Structure formats: C-alpha cells, structure tokens
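# A look at the structure
Spelled out from the first residue to the last, the chains are:
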Amino acid sequence: MKKLLLSFLLVGGLSANAQILTETFQGTTFPPTGWTTETNVASRPWGFTTVIFNASGQTTFNITDGKSAGIGWIAQDQDAHLTSPSFSLVGYSSATLTFNAKIGYEYMVAPFANGNLFVKVSTDGGSTWTTLWTEEAEGVYVDYATLAVELDLTPYVGQSNVQIRYQYVANDADSLSIDDFLVDGTLGISDFLSNKFSTYPNPATSLVNISNTSNILLTNVNITDINGRIVKTMKVNNLTEVQMNIGELNSGVYIMNIDTDSGKVVKKIIKN
Ligand SMILES: [Ca+2]
Ligand SMILES: [Ca+2]
C-alpha cells in the first residue's frame, strides 16, 4: 500500500525510486485491468479470495484489506496462471518485485509436495517464461503463514516488455493466495552527461551558475526538494550557461533537474 510514487534518496550519491506496477486486488472485477488468467479446470480459476473461498476460507487466505487473489485445490491435475500486464524496465538501474503470499505448507512443500506456485518472468510478450521463484525457496514455514517475498528484477532492466506470471501447478495439493504486488525500480541517472555539468557555488546562498564543457544546450531547469516537490522552475531558450537565483528557498538539500538537448542531468545542490 505504498503511496509514494516518486521519492528521492540521498545516500552518498543520487538515486530516485519509482513505483512501476502495483496491484492490491481490491477492485470489483477479476482479473484486474490488464491482468489475464487461464485455468485447465473450470471450477478452479484464479479469483478474488472473497469469491474463491467464500466465508470459511476467507479468514485463512485474505492477506491485506479483506481481498486478495487466490486459487483453490482439487484432486486432479491443475495448471492455472495469473499474469500481469506488460511493464517497462527501460531507464532503470535496478528493480525488484515484492508481494505477499499465503500458501499451504503441508500439501505444497512437505510432507506432501503435491503442488508448486511458480513466479515466472517473460520479456517477449509471453512466448517464453523463466522461473524466478517457487514456494520451496522459502524453506520451512508455518502452514498459511504470510510470506513476504522479494525478488530481484535487475537482470531484466533495459527490457521494455516485461510480464510476471503466477503459475499454480498441482494435483491434490493446497489452496493459496497472493496480494500487495509491487514492482519498483531505481531510475538510472546518466553520470556521463552529468559529469560535463558544473553547478557553482555549491553550497550557494542566492545565485547558482550552471555551465557545461561541451556546449550542450539547456532547455529547462527545475528544482525539487527531497520529497520530490517542485519548488522552482526556469525555462531556458537553448543556452549553454545560465544563472538561477535560489535566494528565496529555505536552507537545505535540493535536486536540480536540468533538461538539455542531450538528455536529462540531475545535480544535488545545497542552499545555505
Ligand atoms: Ca488486497
Ligand atoms: Ca511445492
């Protein structure tokens, strides 16, 4: 239930975190917009926990806010999946997938390894899938305990067509549910371009000079505070060097976002 869409972290260097795709399964229709499902057993589809498990199972399988995505077991071969919309990891330097899950242990892992929940990733529109995780990776856990799963998607940064699939493959296994799906990433910032720019003096009390060594043309400059709020903007008509007055800003750390004809430059500045 993270509400923060874009936040800036200042930890030595500079990075920006962005929420890329999120799903809490609180809507009115299943699957949620852009998601797809398939099942080989019509009576055992993926669905809202409130529908799949009715009154009795809801207590066990709801994870967050009374509604999650779940699937029920049956004593026959099951193969059913729930697949996310496509999202892009272009421009990120790292990315993670996190979600919560409630999965029967005794009939999915041990002593009866009768089923698996696979988390898979595709980068080609769903033609091929690579397994990232199964519940066995969690080791020993209590039956139906809420598992907080975090998977590294960094190997897929730069891909423009990424999808995540939950695939339930089982026979006489156990039911399960998932919730709080979140893909987030760290935006990659071009050090190469950034290193050509100087902002000085830094710290500054009023005027900040912005210049560069390669005659790169500036088109726009804005300053955001550490919460991502824009506090000052300046339109620039293709100049290589400009001055910005930050005299009216409170003392503190700010991010200067410089748009140029060669790309975006981000600089950390300090107002005294
Ligand atoms: Ca939910
Ligand atoms: Ca298993």
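Residues numbered from 1 in each chain as written. Chains lettered and ligands numbered in written order. Predicted model: local features only at pLDDT ≥ 70, side-chain atom pairs only at ≥ 80, totals over all residues.

## Describing the overall build of the protein chain
This is how the line gets drawn: Helix numbering and strand numbering both begin at the N terminus, where a helix is a DSSP run of H or I of at least 4 residues and a strand a DSSP run of E of at least 2. Restricting the calculation to C-alpha atoms gives the radius of gyration, and the globule rule supplies 2.2 Å times the number of residues raised to the power 0.38. Whether a residue is buried, exposed or partly exposed is read from the other C-beta atoms within 10 Å of its own C-beta, which are placed from the backbone; 20 or more gives buried, 12 or fewer gives exposed, and intermediate counts give partly exposed. Residues are scored as being in contact if the C-beta atoms we place from backbone atoms lie within 7 Å.
Across its full length, the protein chain holds three helices and 19 strands. Its C-alpha radius of gyration of 24 Å places the protein chain more than 25% over the 19 Å reference for a compact globule of 272 residues. Seen along its three principal axes, the alpha-carbon backbone of the protein chain occupies a region of about 75 × 35 × 35 Å. Burial statistics for the protein chain: of 272 residues in total, 28% are counted as buried. Of the contacts made within the protein chain by residues no fewer than 6 positions apart, 71% connect residues no fewer than 24 positions apart.

## Some thoughts on the sheet that holds strand β17 (residues 242-245)
Here is the rule: Any two strands with at least two DSSP bridges between them are considered paired. Working convention: axes come from line fits to C-alpha atoms, limited for helices to the stretch in contact. Angles between N-to-C directions cover 0 to 180 degrees.
Strand order in the open sheet made by the three strands is β13-β14-β17, with antiparallel pairing throughout. Edge positions in the sheet fall to β13 (197-200) and β17, since each of these pairs with one other strand and no more. Sheet twist, expressed as the average angle between the axes of neighbouring strands with direction ignored, equals 20°. Bridge analysis of strand β14 (residues 207-212) against β17 gives four bridges, and the strand direction is antiparallel.

## Here we look at the sheet that holds strand β18 (residues 252-260)
Spatially, four strands are ordered β16-β15-β18-β19 in an open sheet, and the strand pairing comes out antiparallel. The open sheet terminates on both sides in strands that have one partner only, identified here as β16 (230-239) and β19 (263-271). The average undirected angle you get between the axes of adjacent strands in this sheet is 20°. Relative to β18, strand β15 (residues 218-225) is paired through seven bridges, and the arrangement is antiparallel. Counterpart to N222 in the pairing with β18 is N257.

## Topic: the domain arrangement of the protein chain
The following threshold applies: Throughout, the edges of the domains are those of an automatic or database domain assignment.
Annotation of the protein chain at the domain level lists domain 1 (6-187) and domain 2 (191-271). Computed over C-alpha atoms, the centres of domain 1 and domain 2 are 41 Å apart.

## A closer look at the confidence of the model for the protein chain
For clarity, the threshold we go by: The pLDDT value expresses, per residue, how confident the predictor is, ranging between 0 and 100.
Summing up the model confidence of the protein chain, the mean pLDDT is 90 and the portion of residues at 70 or higher is 93%. With pLDDT under 50 throughout, residues 1-13 is counted as low confidence; its partners more than four residues away or in other chains account for 18 contacts.

## Comments concerning the pairing of β19
As judged from the nine bridges shared by β18 and β19, these two strands associate in the antiparallel manner. By the bridge assignment, G252 is partnered in β19 with K271. From the end of β18 to the start of β19, which pair antiparallel, there are two residues.

## Overview of the pairing of β15
By the bridge criterion, six bridges tie β15 to β16 in an arrangement that is antiparallel. Within β16, the position partnered with V221 by the bridge is M234. Between the end of β15 and the start of β16, which pair antiparallel, lie four residues, with G228 showing a positive phi angle near 90°.

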